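Spelled out from the first residue to the last, the chains are:
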Amino acid sequence: MDVSYPPEAETYREKVQAFLAEHLPTNWKGIGALGHEEADRFATEWRATLYENGYLAVSWPKEYGGQALSPLEQVILAEEFTRAGVPAGIGNDVFGIQMVGNTIIAWGTEEQKKHFLPRILSGEDKWCQGYSEPNAGSDLANLGCKAELDGDEWVVNGQKIWTSAGHLADWIFVLTRTDPSATKHKGITFLLVPMRQPGVEVRPIRMISGESEFNEVFFTDAKAPKENVIGEVNGGWAVAMTLLGYERGEAAAVLPIRFRTELDRLVELARDYAKTDDPAIRQRLAWCYSKVEIMRYLGMRALTAFLKGGHPGPEASISKVFWSEYHHKSTELAMDIMGMHALIPTGRPPASAFQTDDPGAPNDSASWVGTFLNARAGTIYAGTSQIQKNIIGEMVLGLPKEPRADGGTWSESSKR
Ligand SMILES: Cc1cc2nc3c(=O)[nH]c(=O)nc-3n(C[C@H](O)[C@H](O)[C@H](O)COP(=O)(O)OP(=O)(O)OC[C@H]3O[C@@H](n4cnc5c(N)ncnc54)[C@H](O)[C@@H]3O)c2cc1C
């Protein structure tokens, strides 16, 4: 494996570094070093700067407002943004740009592309993801939220759950059941539904950390225009899988940087609490170091495949299960280092429930306690660890498939 980047990559890196130097304040330490309100303000202004300078949706074709960057340039950009501690967008952008935007580019009609993509980029439309339901999480194809065509409109009834950032969204992409008499993977339609209407109710769910970043979403005769289907009516499963496949190759490059930065902070924490002479703590820190190094090599392997034009397939599950299980243990170590202090957290809690605290975050007990609580969710969202292990067993190692209970129409199988 050759771990060095070609010369043209370094030229592009210099361009990104020059952009960052020009637009970031002097003495910039990372968004984690700002207070919450200041960080929110910075993130909004920074998104506008990225938009004006063509640094949003960089993988999209130029005709739809992107930069058509090569995979290598995307990786360099993501690395430099992570090192500088600046976000690549705001919270809902992952659903708008990365998920539904890419899916519209892959499956949408020309009218859908022309209508939705510029509004996503400008920030006029914020999106969220309506996949999971109380009876459809790991078994996503069991979903029962119904859509029926009535003249020129779809009428949607049912419930979604765990809808991240749903309270901030203008639109939701929803997997709906449009033919209950088909088998469960068939009869699903991928529908774009406006959130700001009387038939859509968003109820926040309070998380273990005390925050409310996700929600329940209830549809009661909610309406969506007939033409808001992406792909074929009853052919939504293939569209849904395309969307889930937009795992970015740059994640492989970014995760080891984020977790390495967090590990450096963990070692500092051990120093602050005078625990670096404790042999048990030292051994656990060394364990963390070895895991982050393995993550780096796993990242390089995924990155090599991505740069060769491959899409992260089932192997992406190895990285997901690895970092999320590691994060449980490394944040537990932070709790053990702080001891009783972890029971009365002080200072600045993390601004987001996603992975590590932001780069530049101070070593406050509230930062670590918040990250410890958030890390519990890492082994659940984007597919639980058990499901990742099933995928690795069945699709990477070729082990026999586990028995499935379903079969027959969705109406029959959902009653079992
Ligand atoms: C922080 C967070 C944000 C999220 N954001 C969104 C969002 O924006 N939009 C959205 O649609 N969803 C979202 N989700 C939902 C997420 O995708 C689901 O929680 C996840 O797919 C698991 O589904 P479930 O919660 O229904 O658990 P279940 O599927 O009910 O699983 C319960 C337990 O059973 C295990 N299990 C289930 N099936 C098997 C099997 N076949 N073999 C072995 N073990 C099994 C699971 O691993 C788990 O431990 C979010 C979840 C979290 C935690």
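See above for the structure.
Residues numbered from 1 in each chain as written. Predicted model: local features only at pLDDT ≥ 70, side-chain atom pairs only at ≥ 80, totals over all residues. Heavy atoms only, no water.

### Considerations on the packing of helix α3 (residues 71-84) against helix α8 (residues 279-307)
One can describe the packing of α3 onto α8 by two numbers: an axis separation of 9 Å at closest approach and a directional angle of 145 degrees. Handedness of the α3/α8 crossing: right-handed. Contact residues: P71, L72, Q74 and V75 in α3; L303, F306 and L307 in α8. When its residues are assigned to classes, the contact of α3 with α8 shows six nonpolar, one polar and no charged. (Axes fitted to C-alpha atoms, helices over the stretch in contact; angles between N-to-C directions. Helix = DSSP H or I, 4+ residues; strand = E, 2+ residues; numbered from the N terminus. Left-handed = near helix turned anticlockwise from the far one by under 90°. Contact = heavy atoms within 4.5 Å. Nonpolar A, V, L, I, M, F, W, Y, C, P; charged D, E, K, R; others polar.)

### Looking at unusual backbone geometry
Phi is positive for D221, close to 50 degrees, though the residue is something other than glycine. Assignment of secondary structure puts D221 in strand β7 (residues 214-225). Residue class for D221 comes out partly exposed when judged on its relative accessible area of 43%. The backbone of A382 shows a phi angle near 55 degrees, a positive value even though the residue is not glycine. (Buried < 20%, exposed > 50% of the residue type's maximum accessible area, 1.4 Å probe, protein only.)

### Quick look at the nonpolar core
Among the nonpolar cores identified, the biggest contains 53 residues, and F81, F173, F190 and L192 are the most heavily contacted of them. Elements that contribute at least two residues to this core include exactly α1 (7-23), α2 (36-52), α3, α4 (93-107), α5 (110-122), β4 (171-177), β5 (188-194) and α6 (236-244). The dominant element in this core, judged by the number of residues it contributes, is α4, at six residues. Counting 25 residues, the second-largest nonpolar core is a separate cluster that includes F259, V292, F322 and L373. (Core = buried A, V, L, I, M, F, W, Y, C linked by side-chain atoms within 4.5 Å.)

### Looking at the site of the ligand
Close contacts around the ligand come from 18 residues, with S132, S138, W162, T384 and Q386 the closest. Take S132: an N or O atom from its main chain is 2.7 Å from an oxygen atom of the ligand. Contacts to the ligand include E402, whose side-chain N or O atom sits 2.9 Å from a nitrogen atom. In isolation the ligand offers 980 Å² of accessible surface; the protein chains occlude 67% of this area. Of all the elements, helix α11 (residues 385-396) adds the most residues to the shell around the ligand, at three residues. Of the residues contributing to the shell around the ligand, the split by class is eight nonpolar, nine polar and one charged. (Near = heavy atom within 4 Å. Polar contact = N/O pair within 3.5 Å; in protein donor to acceptor, adjacent residues only side chain to side chain. Areas by Shrake-Rupley, 256 points an atom, 1.4 Å probe, with all protein chains shown as cover.)

### Topic: the environment of Q74
Residue placement: Q74 occurs in helix α3. For the pair Q74 and W127, spaced 53 residues apart in sequence, the C-alpha separation works out to 23 Å. Q74 has contacts with V58, S59, L69, E250 and F306, leaving out every residue within four places of it along the chain.

### Here we look at the packing of aromatic side chains
One pass over the structure, following the stated rule, counts 18 aromatic pairs. Judged by centre distance (5.8 Å) and plane angle (45 degrees), the ring pair of F19 and W46 falls under tilted. Placement of the pair is F19 in helix α1 and W46 in helix α2, with a sequence separation of 27 residues. You can call W46 buried: its relative accessible area is 2%. (Phe/Tyr/Trp six-rings, centres within 6.5 Å; stacked < 30°, edge-to-face > 60°.)

### Regarding a negative patch on the surface
There is a patch of like negative charges on the surface, built from E148, D150, D152, E153 and E227. Accessibility expressed as a relative area gives 53% for D150, which makes it exposed. (Patch = residues over 30% accessible without salt bridge, like charges linked within 9 Å, V, L, I, M, F, W, Y side chains within 5 Å. Salt bridge = Lys/Arg side-chain N within 4 Å of Asp/Glu carboxyl O. Lys, Arg positive; Asp, Glu negative; His and termini not counted. Charge placed at Lys NZ, Arg CZ, Asp CG, Glu CD.)

### Some remarks on α3
Given a rise of 1.5 Å per residue, 14 residues ought to cover 20 Å, and the 20 Å separating the end C-alpha atoms of α3 matches this to within 8%. Within α3, 11 of the 14 residues are buried, leaving the element largely enclosed by the surrounding structure. Along α3, the residues classified as buried are L72, Q74, V75, I76, L77, A78, E79, E80, F81, T82 and A84. G85, located one to two residues past α3, shows a positive phi value of around 75 degrees. (Expected span 1.5 Å × (residues − 1).)

### Comments concerning the side chain of E394
Within the secondary structure, E394 sits in helix α11. On the basis of relative accessible area, E394 is assigned to the buried category, the value being 14%. If we ignore the near neighbours within four places in the chain, the residues touching E394 are L399, P400, K401, E402 and R404.

### Some details on the side chain of S367
Relative to the assigned elements, S367 resides in helix α10 (residues 365-378). A polar side-chain atom of S367 sits 2.6 Å from a polar atom in the side chain of D357. Discounting chain neighbours no more than four positions away, the residues touching S367 are R265, R348, P349, P350, D357, A361 and P362.

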